[in-house]
Each structure stands twice: as structure tokens, then as C-alpha cells.
Amino acid sequence: MKFEKTKEVLNQLVADLSQMSMVIHQTHWYMRGPGFLTLHPMMDDFMDDVNDQLDEISERLITLDGSPYSTLHEMAEQTKIPDEVGRWDRTMEERLATLVDGYRYLADLYQKGIEVSGEEGDDPTQDIFIEFKTATEKRIWMIQAHLGKAPEIDA
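Residues numbered from 1 in each chain as written. Predicted model: local features only at pLDDT ≥ 70, side-chain atom pairs only at ≥ 80, totals over all residues. Heavy atoms only, no water.

A word on a negative patch on the surface. Taken together, the side chains of D44, D45, D48, D52, D55, E56, E59, D123, D127 and E131 define an acidic patch exposed on the protein surface. Looking at the negative patch, the elements with two or more residues in it are α2 (36-63) and α5 (123-146). Among the elements that line the negative patch, the one with the most residues is α2, at 7 residues. Within the secondary structure layout, E59 lies in helix α2. Take E59: its relative accessible area is 43%, and that puts it in the partly exposed class. (Patch = residues over 30% accessible without salt bridge, like charges linked within 9 Å, V, L, I, M, F, W, Y side chains within 5 Å. Areas by Shrake-Rupley, 256 points an atom, 1.4 Å probe, with all protein chains shown as cover. Salt bridge = Lys/Arg side-chain N within 4 Å of Asp/Glu carboxyl O. Lys, Arg positive; Asp, Glu negative; His and termini not counted. Charge placed at Lys NZ, Arg CZ, Asp CG, Glu CD. Helix = DSSP H or I, 4+ residues; strand = E, 2+ residues; numbered from the N terminus. Buried < 20%, exposed > 50% of the residue type's maximum accessible area, 1.4 Å probe, protein only.)

In this structure, G102 sits in helix α4 (residues 92-120). Distance from G102 to Q19, taken between C-alpha atoms, is 9.3 Å for residues 83 residues apart in sequence.

Turning next to the UniProt feature "domain: Ferritin/DPS" (unreviewed entry) in the protein chain. Within this numbering scheme, the UniProt entry marks residues 8-151 as carrying the feature "domain: Ferritin/DPS" (unreviewed entry). Taken as a whole, residues 8-151 contains 77% helix and 0% strand, while its terminal C-alpha atoms sit 29 Å from one another. (UniProt positions renumbered as here; feature names shortened; annotations may be inferred.)

L13, I24, I57, L99 and Y103 are the most contacted members of the largest nonpolar core, which has 37 residues in total. The set of elements that each furnish at least two residues to this core consists of α1 (4-30), α2, α4 and α5. When residues in this core are grouped by element, the largest group, 10 residues, is from α4. Ignoring any residue separated from it by four or fewer positions in sequence, one finds L13 in contact with S18, I57, L106, L109, Y110 and F129. (Core = buried A, V, L, I, M, F, W, Y, C linked by side-chain atoms within 4.5 Å. Contact = heavy atoms within 4.5 Å.)

Structure below.
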């Protein structure tokens, strides 16, 4: 079988992007306070981006004769992005910091995918990983800037 390690990373991304979508949803639903009118609709854009990535990653996995996770049970078992019950006592800054943590994890996973797909000679998938890592790093930069912090991409 070709591209086995690449397919493993793709399927891990299926689980993690699904979970990240839920983390963004939670931020969207449970936010209150200064910045709400700007940040609330921005979360729709964040969800759209993550869901677009999820679709492309899943379709690439299928193209490589893989089988993407497709149940909530599989996603919950496989994701490495933490889960927490929604609550109203978190500040906007805390919620955004949680998003940054999730995006940092995804950027690292995309980097692993870049390396693995390069080793296996899967240039099209490597291109997808590079594109999505770049977009994810931009998200980190934008959220960190809103929080008054440096992106710390190279930390």
C-alpha cells in the first residue's frame, strides 16, 4: 500500500479538524463581553475555513484509497484536541487562547504531514498540507495580534 503514513496523518486531521470545528462552535456560542459584535461573526468564518479543510483532507484521503473517520465516536476517540464542557465564566481572552492552542496543534500536525508526505513522495498531498499550514499560521497570528501578543510561530 502506498502513502500509509500520509494516510494516517490525513485521518488524524479528519478527527482533529472535526473537534476543532466543535471548539470554535463552543467559542461562538458561549462568548460574551467586549468584542462580541466583531468576534461572534468572525467565528463563522473560522468554522467555514476548518470545515473546508476537513472536506479537502477527507476527499484526499479517499483519493488515496483511505477511509476517513465518519462517526462522532471515532472522532472523539481519535482526536488529540482537548474537549471541555461549555461554560459562561470564561473570558473572551481565555476562549481565544484555547483557539490558538488548537491551531498550534493543527499547524504542528500539518508540519508532520508535510514531512511524511515528502518522504513518501506524495507531492499533491504535501501541497495541501503546506497550504493549510500557512493558513493556520495566519489564524494564529491574527488571534495573537487581537490578544496583543506576537504570533510566536517560530517558538
